Amino acid sequence: MSTTPTTPSAGNSLYGGVTNRRVTVRDLAAAKERGERWPMLTAYDALTSRVFDEAGIPVLLVGDSAANVVYGYETTLPVTVDELIPLTAAVTRSTKRAMVVADLPFASYQASPQQALETASRFMKEGRAQAVKLEGGRAVAPQVELLVSAGVPVMAHLGLTPQSVNTLGGYRVQGRGDEAAENLLKDAKELERAGAFAVVLECVPADLARRVTEQLAVPTVGIGAGPGTDAQVLVWQDMAGLSPKVAKFVKTYANLHETLRDAASAFAGEVVSGAFPEERHSYSA
């Protein structure tokens, strides 16, 4: 298996490649074999999802981070299945190429594999997602196994798992120290054995993330895990400079906060002054 990144031709690449169908788990596996890195972004609504799809982003995650950036909760814990399914449906309706992955929220899958299947089924049937993501290590391997056997592709999530923030003692880097690193590697291998098609590594030391990536046959997706993973994901509002506060691992590629604030101020000023609407913005009898 190749681990050296290449620049693939447009015909078979995930970014800028085939556009006449959805990206599948087989495409992600093939990218791993080619050593091709790929981007993933979160998405929660129709308009931005369409933009990301047009930009060629191959995987969109309807993350439980919607709890923070859509619903205004302080953590991801309060968001519910009923709150996330409409967002998932909006993303799938407005995209044609990207694989849409739906996050299973806290307390919707941990109780049992059967609970996980019932929740995932709703996201697949009502939200039309092509895959689901869940957090946790070996403890959720039975959930992954049942979902995959039932035909639900599963993306796993290790390292800093925000749904476990209270037991982790806050938002802290995970996998530091030999024992913690070995446990994370064992978790990753067990999730791969259970059938996960990819593993997200969040807030993990870069050398450990690279080691996990080299030892797994399935792709790894990094977020605060250094450059050695097969893919990278960011919350789109963080990436685009809309969030008021971001983590160390975030790089911003625009300043939408300033752009939207200036646009709103300009609109308000023209309304107050009477400059808007002009005749060209009005209808005649």
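Rules of the game
- Residues numbered from 1 in each chain as written.
- Predicted model: local features only at pLDDT ≥ 70, side-chain atom pairs only at ≥ 80, totals over all residues.
- Heavy atoms only, no water.
- UniProt positions renumbered as here; feature names shortened; annotations may be inferred.
- Domains from an automatic or database assignment.
- Helix = DSSP H or I, 4+ residues; strand = E, 2+ residues; numbered from the N terminus.
- Buried < 20%, exposed > 50% of the residue type's maximum accessible area, 1.4 Å probe, protein only.
- Polar contact = N/O pair within 3.5 Å; in protein donor to acceptor, adjacent residues only side chain to side chain.
- Contact = heavy atoms within 4.5 Å.
- Pairing = 2+ DSSP bridges.
- Axes fitted to C-alpha atoms, helices over the stretch in contact; angles between N-to-C directions.
- Parallel < 35°, antiparallel > 145°, perpendicular 65-115°, else oblique.
- Left-handed = near helix turned anticlockwise from the far one by under 90°.
- Nonpolar A, V, L, I, M, F, W, Y, C, P; charged D, E, K, R; others polar.
- Core = buried A, V, L, I, M, F, W, Y, C linked by side-chain atoms within 4.5 Å.
- Right-handed = clockwise from strand over helix to strand, strands pointing away.

Under an unreviewed UniProt entry, the name given to the protein is 3-methyl-2-oxobutanoate hydroxymethyltransferase, and the organism recorded is Nocardiopsis algeriensis. Taken from UniProt, the Function (unreviewed entry) comment for the protein reads in full: "Catalyzes the reversible reaction in which hydroxymethyl group from 5,10-methylenetetrahydrofolate is transferred onto alpha-ketoisovalerate to form ketopantoate." Comment text from UniProt for the protein, heading Sequence similarities (unreviewed entry), reads "Belongs to the PanB family."

(A) A look at the domain arrangement of the protein. One can read the domain layout of the protein as domain 1 (25–254) and domain 2 (256–285). One C-alpha centre belongs to domain 1, the other to domain 2, and the line joining them spans 39 Å.

(B) View of the side chain of Asp-230. Here Asp-230 lies in the loop between β7 (220–223) and β8 (231–234). By relative accessible area, Asp-230 is classed as buried at 12%. Of note is the side chain of Asp-230, whose polar atom sits 2.7 Å from the side chain of Lys-32. Among the polar contacts made by the side chain of Asp-230, one reaches the main-chain amide nitrogen of Thr-220 at a distance of 2.9 Å. For Asp-230, the contacting residues outside a window of four places in its chain are Lys-32, Glu-36, Arg-37, Trp-38, Thr-213, Val-218, Pro-219 and Thr-220.

(C) Quick look at the sheet that holds strand β4 (residues 131–135). As summarised here, the arrangement of the eight strands in space is β1-β2-β3-β4-β5-β6-β7-β8, forming a closed barrel in which the pairing is parallel. Adjacent strand axes in the sheet meet at a mean angle of 25 degrees when their direction is disregarded. Two elements, strand β5 (residues 154–159) and strand β6 (residues 198–202), share five bridges in a ladder whose sense is parallel. Bridging from a neighbouring strand, Met-155 pairs with Ala-198 of β6.

(D) Fine view of the packing of helix α8 (residues 178–194) against helix α9 (residues 206–215). Contact geometry of α8 with α9 gives a least axis separation of 10 Å together with a crossing angle of 30 degrees. Classified by the angle their axes make, α8 and α9 are roughly parallel. Classified by chirality, the crossing of α9 by α8 is right-handed. Taking contact as the criterion, the partners of Ala-181, Glu-182, Leu-184, Leu-185, Ala-188 and Lys-189 in α8 are, on α9, Leu-208, Arg-211, Val-212 and Gln-215. Residue composition of the contact of α8 with α9, grouped by class: six nonpolar, one polar and three charged.

(E) Spotlight on the nonpolar core. Residues Leu-147 and Leu-201 are the most contacted members of the largest nonpolar core, which totals 57 residues. Ranked by residues supplied to this core, first place goes to α8 with six residues. With near-sequence residues (within four places) excluded, Leu-201 lies in contact with Leu-158, Leu-184, Ala-209, Val-212, Thr-220, Val-221, Gly-222, Ile-223, Ala-225 and Thr-229.

(F) A look at unusual backbone geometry. That bond from Phe-276 to Pro-277 is cis: its omega, 5 degrees, falls within 30 degrees of zero. Relative to the helices and strands, Pro-277 is located in the segment after α11 (256–273). For Ala-107, which is not glycine, the phi torsion reads 70 degrees and is therefore positive. Classification of Ala-107 as partly exposed rests on a relative accessible area of 47%. With a phi angle near 60 degrees, Arg-128 is a residue other than glycine that sits in the positive phi range. For Arg-128, the location among the structural elements is in the loop between α5 (113–125) and β4.

(G) Structural view of the environment of Phe-276. Within the element layout of this structure, Phe-276 appears in the segment after α11. By relative accessible area, Phe-276 is classed as partly exposed at 33%. Sequence separation between Phe-276 and Arg-128 is 148 residues; the distance between their C-alpha atoms is 41 Å. Setting aside chain neighbours within four positions, we find Phe-276 in contact with Phe-267, Glu-270, Val-271 and His-281.

(H) The arrangement of the pairing of strand β2 (residues 59–62) in detail. Along β2, one buried face is formed by Val-59 and Leu-61 and the opposite face, lined by Leu-60 and Val-62, is buried too. Relative to β2, strand β1 (residues 38–42) is paired through three bridges, and the arrangement is parallel. Within β2, the residue paired with Thr-42 across the bridge is Leu-61. Once the chain exits β1 it traverses helix α2 (residues 46–55) before rejoining the sheet at β2, and the crossover so formed is right-handed. One ladder, built from four bridges, connects β2 with strand β3 (residues 99–103); its direction is parallel.

(I) Expanded view of the packing of α5 against helix α6 (residues 141–149). Close contact between α5 and α6 brings their axes to 8 Å; oriented N to C, the two are set at 50 degrees. Accordingly, the angle class assigned to the pair α5 and α6 is oblique. Classified by chirality, the crossing of α6 by α5 is right-handed. Counted together, Pro-113, Gln-114, Ala-116, Leu-117 and Ala-120 of α5 and Pro-142, Gln-143, Leu-146 and Leu-147 of α6 form the full contact between these two elements. Residues of the contact of α5 with α6, tallied by class, amount to seven nonpolar, two polar and no charged.

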